[in-house]
Amino acid sequence: MKVLLVDDSRSARRLIAHYLSEMGHEAVEADSGDAALPLYADLEPDLVLTDVDMPGMNGYALARQLRLSDPPDTWIPIIFLSSRIRDEDVSQGVDAGGDDYLAKPISPVVLNAKLRAMSRITDMRRRLMETSQALQAANRNLLRMSSMDGLTNIANRRAFDARLRERWQTCREAGEPLSLILGDIDYFKRYNDSYGHAEGDDCLRDVAAALAAATESADITARFGGEEFAILVNGPATTASTLAEAALTAVRKLNRPHAQSQVTDHVTMSLGVAGCVPSRELRPIDLIQAADEALYAAKGAGRNQSIT
Ligand code: GH3
Ligand code: MG
Ligand code: MG
Ligand code: MG
């Protein structure tokens with residue numbers, strides 16, 4: 001262990017430093033509380049051994065300062081050394097942030113035992129912190145994954161539904177318009193039939209990436225279902241229409257062959273756009289239904305287009 005040893009008495013420091021090095025620990029010495037503070041910050045010791053009675057900042061004040069300077073989830077053991085150990089001293093030492101009290105003159109056997117006890121706790125703490133950090137990272141990862149579509153790597157239906165509820169509420173309170181684009185790939189069943197399901201998956205990934213890139217200004221672009229996509233837009237239907245045209249163009253520009261399509265010989269998409277100002281009389285499902293009706297109309301009007 002790296003031990004910060006604070007004592008105004010040079011002879012006391014020498015003796016304890018000698019004990020510490022015999023026990024295989026590294027001692028860094030400070031002759032006052034004021035000298036100890038910057039050392040503590042620089043060295044990041046594993047443990048602090050401090051005298052109580054010192055000119056200037058005494059051991060208790062030092063302990064309080066150290067605890068204040070520590071980030072919330074760190075804990076470096078502080079052990080007081082004093083020839084004066086009354087019950088109140090021990091109590092005061094603990095209140096100042098200390099963990100134990102050792103009587104001077106120091107017994108090397110007791111000192112060694114206390115250091116072993118403290119290092120047992122710090123080791124356990126370190127392991128717990130590592131486990132907790134690993135769990136937090138895993139949790140963040142799970143959270144991210146639970147809102148992402150596994151095939152296309154864009155937002156999934158769950159994330160879309162949650163976002164729609166959020167935006168609906170906010171727009172309703174602010175009296176602002178909210179719009180939705182629903183898109184569906186044209187003749188995708190035929191695509192699967194002629195190119196195979198794996199190629200179909202690849203097509204979905206390409207279309208999703210093209211849509212996401214073309215609709216970066218949207219609130220969220222998500223895979224809504226099999227080969228259907230939903231794009232939520234903060235603004236009126238006219239804004240969403242412009243974005244839908246951009247999405248349409250982006251999919252066309254993929255130039256992905258689709259020999260069995262009845263529209264062109266490349267993969268295309270149909271889009272339906274709807275907008276509203278959310279109110280008490282309306283529900284999010286009404287916006288979805290309106291966009292779905294527009295999409296149905298786009299399909300009926302020959303596909304490869306967007307209808308508002
Ligand atoms: P329309 O132009 O009217 O939309 O015709 P369509 O063939 O695209 O419509 P339909 O809903 O009949 O077919 C959708 C197809 O999408 C059927 C299904 O096999 C396919 N599909 C849905 N999810 C996936 C997927 O994850 N991967 C692949 N490869 N195909 C999928
Ligand atoms: Mg002293
Ligand atoms: Mg469909
Ligand atoms: Mg389709």
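These figures come from a predicted structure and were not determined experimentally.

Peer 1: Tell me about the sheet that holds strand β3 (residues 47–51), residues and numbers included.
Peer 2: Pairing in this open sheet of five strands is parallel, and the strands run β2-β1-β3-β4-β5 from one edge to the other. In the strand order of this sheet, the two ends are held by β2 (26–30) and β5 (100–103), each with one partner. Pairs of neighbouring strands in the sheet enclose a mean axial angle of 25°, with direction left out of account. Across four bridges, the pairing between β3 and strand β4 (residues 78–82) is parallel. Its bridge partner being in β4, L49 is matched across the sheet by I79. Helix-sheet contacts for helix α5 (residues 108–146) involve β3, β4 and β5, and the interaxial angle to β5 is about 170°.

Peer 1: Outline helix α3 (residues 59–69), listing residues and values.
Peer 2: Those residues of α3 that sit buried are G59, L62, A63 and L66. The buried residues of α3 occupy an angular sector of 100° when projected down its axis, which confines them to one face. Elements in contact with the buried residues of α3: β1 (2–6), α2 (33–43), β3 and β4.

Peer 1: Talk me through the UniProt feature "modified residue: 4-aspartylphosphate" (unreviewed entry) in the protein; I want residue IDs and the actual numbers.
Peer 2: As annotated by UniProt and renumbered to match this structure, "modified residue: 4-aspartylphosphate" (unreviewed entry) occupies D51. Summarising the element assignment, D51 is placed in strand β3. Overall, the presence of 24 C-beta atoms within 10 Å leaves D51 in the buried class. With sequence-adjacent residues up to four places away left out, D51 is seen in contact with V6, D7, D8, A12, G59, L81 and S82.

Peer 1: Can you explain the confidence of the model for the protein? Please cite residues and give values.
Peer 2: Confidence along the protein averages 96 in pLDDT terms, with 100% of residues attaining 70 or more. Here the predicted complex carries an ipTM of 0.96, next to a pTM of 0.75.

Peer 1: Quick one: what's the story with the site of ligand 1, residue by residue and with numbers?
Peer 2: Neighbouring residues of ligand 1: 17 residues in total, closest D186, F188, K189, G200 and G226. Counted by class, the shell around ligand 1 contains five nonpolar, four polar and eight charged residues.

Peer 1: Can you lay out the pairing of strand β8 (residues 228–234) for me, pointing to particular residues and giving the numbers?
Peer 2: Here β8 lies mainly inside the structure; five of its seven residues are buried. By the bridge criterion, seven bridges tie strand β6 (residues 178–185) to β8 in an arrangement that is antiparallel. Across the sheet, S179 pairs through a bridge with V233, a residue of β8. Where strand β7 (residues 220–225) hands over to β8, the hairpin turn is made up of two residues, counted between the paired strands.

Peer 1: Please set out the nonpolar core residue by residue, giving values where relevant.
Peer 2: Within the largest apolar cluster, 46 residues are counted, with the highest numbers of intra-cluster contacts made by I181, V207, A247, L271 and A291. The biggest single contributor to this core is helix α8 (residues 197–214), with eight residues. Ignoring sequence-local partners within four residues, the contact set of A291 consists of L180, I181, L182, G272, V273 and A274. Listed in part, the 22 residues of the second largest apolar core include I16, L20, V48 and L115.

What counts, and where the lines are drawn
- Residues numbered from 1 in each chain as written.
- Chains lettered and ligands numbered in written order.
- Predicted model: local features only at pLDDT ≥ 70, side-chain atom pairs only at ≥ 80, totals over all residues.
- Pairing = 2+ DSSP bridges.
- Helix = DSSP H or I, 4+ residues; strand = E, 2+ residues; numbered from the N terminus.
- Axes fitted to C-alpha atoms, helices over the stretch in contact; angles between N-to-C directions.
- Contact = placed C-beta atoms within 7 Å.
- Buried ≥ 20, exposed ≤ 12 C-beta atoms within 10 Å, placed from the backbone.
- Arc of directions from axis to C-beta.
- UniProt positions renumbered as here; feature names shortened; annotations may be inferred.
- pLDDT = per-residue confidence, 0-100.
- Near = placed C-beta within 6 Å.
- Nonpolar A, V, L, I, M, F, W, Y, C, P; charged D, E, K, R; others polar.
- Core = buried A, V, L, I, M, F, W, Y, C linked by C-beta atoms within 7 Å.

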